[in-house]
Amino acid sequence: MKKFLQTIRNIFAIEELRTRILNTVGFLIIFRLGSFVVLPGVDPSKLETGAGGIFGLLNTFLGGAFERASVFGLGIMPYISASIVLQLMTVAVPYFQKLQKEGDSGRKKINQITRVLTIFICMAQSLAYLSASIPSEAIVLENEFLFKLSSMVILTSGTIFCMWLGERITDKGIGNGISMLIMIGIISRFPGSIVAEAVTRGMSQALIFILELVVLFFVVMATVALVQAVRRIPVQYAKQVVGNKVYGGQRQYIPLKVNSSGVMPIIFAQSLMFLPAMLAGFWREQSDIAQYIGTTFSDIQSWQYNLLFAVLIILFTFFYTAITINPNQIADDMKRNGGFIPGIKPGKQTSEFIDGVMSRITLPGSFFLALIAILPAFAMIAGVNSGFAQFYGGTSLLIMVGVILDTLQQIESYLLMRHYEGMMKSGRVKGRTQTAVA
């Protein structure tokens, strides 16, 4: 406890770090306050609560702003969608591949295209949101067309403002701004969920509640292990004499993450899991099979739903890893910089070796990721409250763990630069921001 208090004092003793932390807290407070501002022309008392399916997932990410019809009702999610589209296009479209290789100027152009695409996606999503999530009796304006038009502009402006907040957190605060906004939306529901679970259990089931907290602790530790797990490939660089100085000759490592795809496989799989029930709904009255499929895949606790969900996550993990990590490019960059893997010839054999290592570590990583994704369903089957069960795994837990590790890593780097001790005696804090040497 004494070391922990000393670490806190060291953190706030650094003026720049103290300013960045306070800036981050201030920006996050603005974001949370905006999530409670209801759209003009909406009666909040007549809004439906307890959204399920994809709407429930979005509501979790946005900290309840989605079901409150807030001006931040779409939050940062349209920007995330645009970023995913651009990331996939950099693999398939040569123009975006060229931009990606142009360095800072190419990244600036990609960021500009992402912002423009965000506006178009936000306009489309805002129209769908207003039509599907806000009942007509909750609209107090007589002119529904004027209400939808003004609300689309307000929701789009709210998303752009959230993007601005995220960029300000990245520049003036601590951590990745976009990720911080998503994390604060998720974690804002944790106190209410844990209180609701404690009230449900009561004094008669206090031991069960304590056991649930212990299980949650070990699940979080296992998730941290998954996010941190790295397979290091040694890389030897040849010595180069430039003038009177000798460069290279040292051994470095390529850190290949076991879960290099992050939460993207869960997000992709979650999007597809709504298709069976939706398609079966068209023939539910005419076919018993369609009715069975619709009922089964609408229940997230059914074994059929969880089996299909796990299989999709495993497949998407391999797919997303394949499109984001290019062994040929890594091998070419190593060869160009005079690096080689000991015992492996540069070029094609190096590429095949890296590809083989990625395949071997991705397989157990994908199974572990699928297990974490379906843990909330097992928690609900065991009797845990549905709101509290979401923190036992899935996208919410992975995002929280990853963002917290990134933030702690940045804080520790400030401490080490000022010659303070790190945050942990056992070693450095490792986040997702560490990149491969190659």
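Quick note: structure is the one above.
Our subject in this report is the structure included herewith. Within each chain, residues carry numbers counting from 1 in the order of the written sequence. Totals for whole chains, interfaces and linings use every residue, but because this is a predicted model, local features are given only for residues with pLDDT of at least 70 and side-chain atom pairs only at 80 or more, for both listing and counting. As a convention, hydrogens and water are excluded, and side-chain values are obtained from all of the structure's heavy atoms.

What to know about helix α8 (residues 177-187)
Using a 1.4 Å probe on the protein chains alone, a residue whose accessible area is under 20% of its type maximum counts as buried, one over 50% counts as exposed, and one in between counts as partly exposed. Helix and strand definitions follow DSSP, with helices as H or I runs of at least four residues and strands as E runs of at least two, each counted in order from the N terminus. Of all 11 residues making up α8, 10 are buried, and the element is well covered by its neighbours. For α8, every residue scored as buried is listed here: Gly177, Ile178, Ser179, Met180, Leu181, Ile182, Met183, Ile184, Gly185 and Ile186. Between the side-chain oxygen at the start of α8 and the backbone nitrogen of Ile178 there is a gap of 3.3 Å, and the oxygen is on Asn176. Distance and chemistry together define a polar contact, namely a pair of N or O atoms within 3.5 Å, with one atom able to donate a hydrogen and the other to accept it when in protein, and with adjacent residues in sequence counting only for side-chain atoms on both sides.

Here we look at the nonpolar core
Side-chain atoms within 4.5 Å link the members of a nonpolar core, which is a set of buried Ala, Val, Leu, Ile, Met, Phe, Trp, Tyr and Cys residues. Membership of the largest hydrophobic core comes to 73 residues, with the highest contact counts inside it found for Ile76, Leu130, Ile134, Leu181, Phe309 and Ile313. The element best represented in this core is helix α14 (residues 303-324), accounting for 8 residues. Listed in part, the 13 residues of the second largest apolar core include Ile254, Leu256, Val357 and Ile361.

Some thoughts on the side chain of Ser70
If you trace the backbone, Ser70 turns up in the loop between α3 (53-61) and α4 (77-92). Using a relative accessible area of 0% as the deciding quantity, one classes Ser70 as buried. One polar contact links the side chain of Ser70 to the main-chain carbonyl oxygen of Ser35, over a distance of 3.2 Å.

Some thoughts on the environment of Ile210
Residue position: Ile210 is located in helix α10 (residues 206-228). For Ile210, a relative accessible area of 48% translates into the label partly exposed. Linking Ile210 and Ala198, residues 12 residues apart in sequence, is a C-alpha distance of 9.3 Å.

Observations concerning α4
Here the expected span of a helix is defined as 1.5 Å times the quantity of residues minus one. For α4, which comprises 16 residues, the first-to-last C-alpha distance of 23 Å matches the rise-based estimate of 22 Å (1.5 Å per residue) to within 8%. Taken residue by residue, α4 has Met77, Pro78, Tyr79, Ala82, Ile84, Leu86 and Thr90 as its buried positions.

Notes on the packing of aromatic side chains
Working definition: a ring pair exists when centres of Phe, Tyr or Trp rings (six-membered ring for Trp) sit within 6.5 Å. Plane angles under 30 degrees give stacked, over 60 give edge-to-face, the rest tilted. Going through the model one piece at a time under the given rule, you end up with 10 aromatic pairs. Both rings, one in Tyr95 and one in Phe96, keep their centres 5.4 Å apart while their planes meet at 75°; by these two values the pair is edge-to-face. Given the relative accessible area of 9%, Phe96 is considered buried. An angle of 40° between the planes, with centres 6.3 Å apart, marks the rings of Phe190 and Phe388 as tilted. Here Phe190, found in helix α9 (residues 190-201), pairs with Phe388, found in helix α17 (residues 386-389); they are 198 residues apart in sequence, far enough to count as distant. For Phe190, a relative accessible area of 26% puts it in the partly exposed group. Using a relative accessible area of 0% as the deciding quantity, one classes Phe388 as buried. Grouping aromatic residues by their ring pairs yields a cluster made of Phe27, Phe31, Phe72, Phe161 and Trp164.

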